[in-house]
Every structure is written in C-alpha cells, then in structure tokens.
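Take a look at the letters that make up each chain.
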Amino acid sequence: MTHRISRRARAVSAGVAAGVLVPLAPLAATAAPAAAATAPRAAATATSTVTCSSAKAGLAAKLKQDITAAMAGRKGSISVGLYDRTNDTTCTFRATVGYDSASVVKATVLATLLWDAKKHNRYLTQREVDLTTAMITQSDNNATTALWRQLGVTKVKAFLTSAGMTQTVPGANGYWGLTRITVRDEQRLLRLLTRKNTVLSDNSRAYALKLMNKVVAAQRWGTPAGAPSTVKVHVKNGWLPRATHGWRVHSIGAFQGAGHDYGITVLTQDNATMDYGVATIQAIARAIHRDLVPTTSSVQRYAPTTAPAEVIPPAPAG
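Computed from a predicted structure; not experimentally measured.

K.L.:
How should I be thinking about the sheet that holds strand E6 (residues 231-241) in this particular structure?
P.N.:
The pairing of strands in a sheet comes from backbone hydrogen bonds and takes either a parallel or an antiparallel form. Here we have 6 strands laid out as an open sheet, ordered E1-E3-E2-E8-E7-E6, and antiparallel in their pairing. Lying at the two open borders of the sheet, with one neighbouring strand each, are strand E1 (51-53) and E6. With direction set aside, neighbouring strand axes in the sheet form an average angle of 5°. Sheet topology note: the strand E2 (residues 77-84)/strand E3 (residues 89-93) ladder contains 5 bridges and is antiparallel. Within E3, the position partnered with Gly81 by the bridge is Thr92. Each of E2, E3, strand E7 (247-257) and strand E8 (260-271) touches helix H6 (residues 183-194); the most contacted strand, E8, lies at about 150° to it.

K.L.:
In this structure, what is going on with the nonpolar core? I would like to understand it.
P.N.:
What tends to happen in soluble globular proteins is that the nonpolar side chains get buried as a cluster. Grouped together as the largest cluster of nonpolar side chains are 81 residues, with contacts concentrated most on Phe159, Leu200 and Ile284. No other element matches helix H5 (residues 141-163), which puts 8 residues into this core. Filtering out sequence-adjacent residues up to four positions away, Leu200 remains in contact with Ala111, Leu114, Trp115, Lys118, Phe159, Leu192, Leu193 and Arg205.

K.L.:
Could you clarify how one ought to interpret unusual backbone geometry in this entry?
P.N.:
It is generally the case that most residues other than glycine have a negative phi and that most peptide bonds are trans. Residue Arg94 is not a glycine yet carries a positive backbone phi of 50°. Here Arg94 lies in the loop between E3 and strand E4 (99-100). Look at Ala258: it is not a glycine, yet its phi comes out positive at around 55°. Locating Ala258 in the fold gives a position in the loop between E7 and E8. Residue Ala258 is classed as partly exposed on the basis of its relative accessible area, which comes to 42%.

K.L.:
In this structure, what is going on with the packing of aromatic side chains? I would like to understand it.
P.N.:
The geometry of an aromatic ring pair is captured by two quantities: the separation of the ring centres and the angle between the planes. Applying the stated rule across the entire model yields 4 aromatic pairs. Taken together, a centroid distance of 5.4 Å and an interplanar angle of 20° make the contact between Trp221 and Trp239 stacked. Separated by 18 residues along the polypeptide, Trp221 in the loop between helix H7 (202-213) and E6 and Trp239 in strand E6 bring together distant segments of the chain. In terms of burial, Trp221 and Trp239 fall into one category: buried. Aromatic ring contacts, followed pair by pair, group Trp221, Trp239 and Trp247 into a single cluster.

K.L.:
Even after reading the chapter, I still don't get the environment of Val266, so can you show me in this structure?
P.N.:
Mapped onto the elements, Val266 comes out in strand E8. The buried category is assigned to Val266, whose relative accessible area is 0%. A C-alpha to C-alpha distance of 8.6 Å links Val266 and Val249, two positions 17 residues apart in sequence. Once residues lying within four places of it in the same chain are set aside, the contact partners of Val266 are Ile78, Ser79, Val80, Thr223, Val249, His250, Ser251, Ile281 and Ile284.

K.L.:
Explain the pairing of E3 to me, please; I cannot follow it from the model alone.
P.N.:
The two faces of the sheet receive side chains in turn, since in a regular strand these alternate between them. Only one face of E3 is buried: it carries Thr89, Cys91 and Phe93, and the other face, with Thr90 and Thr92, is open. As paired elements, E1 and E3 share 3 bridges and run antiparallel to each other. By the bridge assignment, Cys52 is partnered in E3 with Cys91. Here E2 folds back onto E3, and the loop between the two strands holds 4 residues, one of which, Asp88, carries a positive phi near 50°.

K.L.:
What's the story with the side chain of Thr108 in this structure? I'm lost.
P.N.:
Locating Thr108 in the fold gives a position in helix H3 (residues 106-119). Thr108 has contacts with Phe159, Leu160, Met165, Glu186 and Leu189, leaving out every residue within four places of it along the chain.

K.L.:
Even after reading the chapter, I still don't get the layout of surface pockets, so can you show me in this structure?
P.N.:
The probe, sized like a water molecule, is rolled over the atoms to show the empty space still left. If you add up the space inside the largest pocket, you get close to 270 Å³. Lining the largest pocket, in full, are Leu114, Ala117, Lys118, Asn121, Arg122, Tyr123, Leu124, Val129, Ser201, Asn203, Ser204 and Tyr207. Taken together, the elements giving at least two residues each to the lining of the largest pocket come down to H3 and H7.

K.L.:
Can you help me understand H6 in this one?
P.N.:
Along an α-helix, residues three or four positions apart point the same way, because every turn accommodates 3.6 residues. With 12 residues, H6 should reach 16 Å at 1.5 Å per residue; the first-to-last C-alpha distance of 17 Å fits that figure. Within the sequence span of H6, burial applies to Val183, Asp185, Glu186, Gln187, Leu189, Leu190, Leu192, Leu193 and Thr194.

What counts and what doesn't
- Residues numbered from 1 in each chain as written.
- Predicted model: local features only at pLDDT ≥ 70, side-chain atom pairs only at ≥ 80, totals over all residues.
- Heavy atoms only, no water.
- Pairing = 2+ DSSP bridges.
- Helix = DSSP H or I, 4+ residues; strand = E, 2+ residues; numbered from the N terminus.
- Axes fitted to C-alpha atoms, helices over the stretch in contact; angles between N-to-C directions.
- Contact = heavy atoms within 4.5 Å.
- Core = buried A, V, L, I, M, F, W, Y, C linked by side-chain atoms within 4.5 Å.
- Buried < 20%, exposed > 50% of the residue type's maximum accessible area, 1.4 Å probe, protein only.
- Phe/Tyr/Trp six-rings, centres within 6.5 Å; stacked < 30°, edge-to-face > 60°.
- 1 Å grid on protein atoms, 1.4 Å probe; cavity = no way out; pocket = protein on both sides within 12 Å on 5 of 7 lines; lining within 4 Å.
- Points joined across faces, edges and corners; volume = space filled by probe spheres on them.
- Expected span 1.5 Å × (residues − 1).

The structure is reproduced here in structure tokens:
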C-alpha cells in the first residue's frame, strides 16, 4: 500500500518526526501541511552566489539575476543546478552541499536497476515493471524498499561509480530515504537519462523518462512550475521532516521541447513547513523556465497542483 502525507495534518507528530509513514491521503486533499520540528534557518546566500555561464549572449547574467531574486528572503538551506544543452548554459548554487534524499532517490534506484539489467543483457521482469511503475509514478515506498533490497547497497554503489555520482552516499540499514545527495550528482543523473551514453541503454533511458512523465498530478509540483506547454515534463520529487533540519523538500526535472533540452535540480532543507519548501522550489523554477523559454501570451505555462502530495520515506528517530 502506498503511503502519502495528508495536507490536513497541522502538526508533525512524534511518529512522523521519527520517519513513520503517514496514512494514505486523497489526491484532492487541501488542508495545510504539518509544521517541521525546527525553525527555519536563514538561507545560505551570504557567502554563496549563483554562478552561470551560457553561449547565448546575456542569458547567464539574466539567469543569475532572476534565480538570486527568487531566493531572496527565503529561509532555509537551498541548492540549485541548471543545464541547457541547447545553448550550453549552466547555473549552480551550492551544488556540492549534501542533503537527505527523501523520495528523490527513487530515480537513482530506477537507474541502478536499469543499469544492472543492461549489464546482464536482460529485460525487466513483469514484477520489476510493476514495482518501478509504482515507485516513480506514485512514489510507492514499499515498491522502493523491495527494489532496494533486491539490488543491495553494493550494486547501488557500483552504479553511482559508473555514473560518476561520487558525492552520493546510499542510506545505511535500509533507509534509502536517508541517502545523501547533492545537486551536482542529481544533475549528472538527469544528463544520463536524457542523452545517449554508455551507462544506460537507449531503451532504459526512454523507459525511465516515460515513468517520470507519468507521475500522478499531486506529485507534479516543484521544478515543473512555470514550464511552457511546449516542453515535455519529467519529474521526481520528495520530502521528509525530521527533528533536525526540519523539512527536506526536493525536486528534479528534465524538460525537452521547444528547441530546448534542460534539467533543473533544487534541493532544500531547514523549511518550517512542507509548503514553504515547495514555494521556494517553484519560485526558482518559474524564473528559470521564463528565462530559458520566453513565450508569447498564447502559450500556457504549467501550474502545479495547489495540493502537493508526497510520501514520507521510513527513517529512524532523530
């Protein structure tokens, strides 16, 4: 059974702070999310600056200005990564800072399974298809745990090495949601999923992107916010409240179309509420989409759900 956090909860119970799963909530839930156990910290912008480069004249300066403005006044720890292959554009902000992954790691679990299947020259079994579909499109925790156990940490680490994701550290004792991730490595993963390479087969990449494009509406928040309707959206999100660092709220997204091929990663923690972290990510995403893909007023931009939902991964107390 998939477990989803309900937005009707007003306070994080001791069980949730310890990582206990919350009962299933309907996708249309509309009440406010639970508050985190700790107050938000000031955003770490004083000693860090957004760094951008681009082959398109004026774009780097525009992105730097607008991403910085989107983060201005936001509380908590924020890290950002952007690449656009079309115009050789990149932006980074605190890209090597580590965060607990929450459900974002599910994209890595999927990639590991596909990498391992390629190594053994085999197709996924029907069981694996069912599990991966539930894991990505519904963020099912039980499916993720089953695949994590099947693969084992040794294979996960081997994939990370093959992918060059050297800053990612798998969660210990089966707590895959406590895998440590960075923007740098999540951007590497998005690049692997969206261009031909020797790590993942073309069929594997297409399968992963298909699942990330079919994530349920309640979980299509975050980096897709503001994406023009002319680009195809692929997303995986996650959140996790704990006694330290409050809510971790993350989103990774790959976007292809309208003459563009780009990826966005935003990782946050020290959020007082889930909604606060979601709002931070979506403000940054809207600025990026607007700068990368200017459109006429006739082109609609993606408006994410007003009732975002995700599952809380199992985690120990603390």
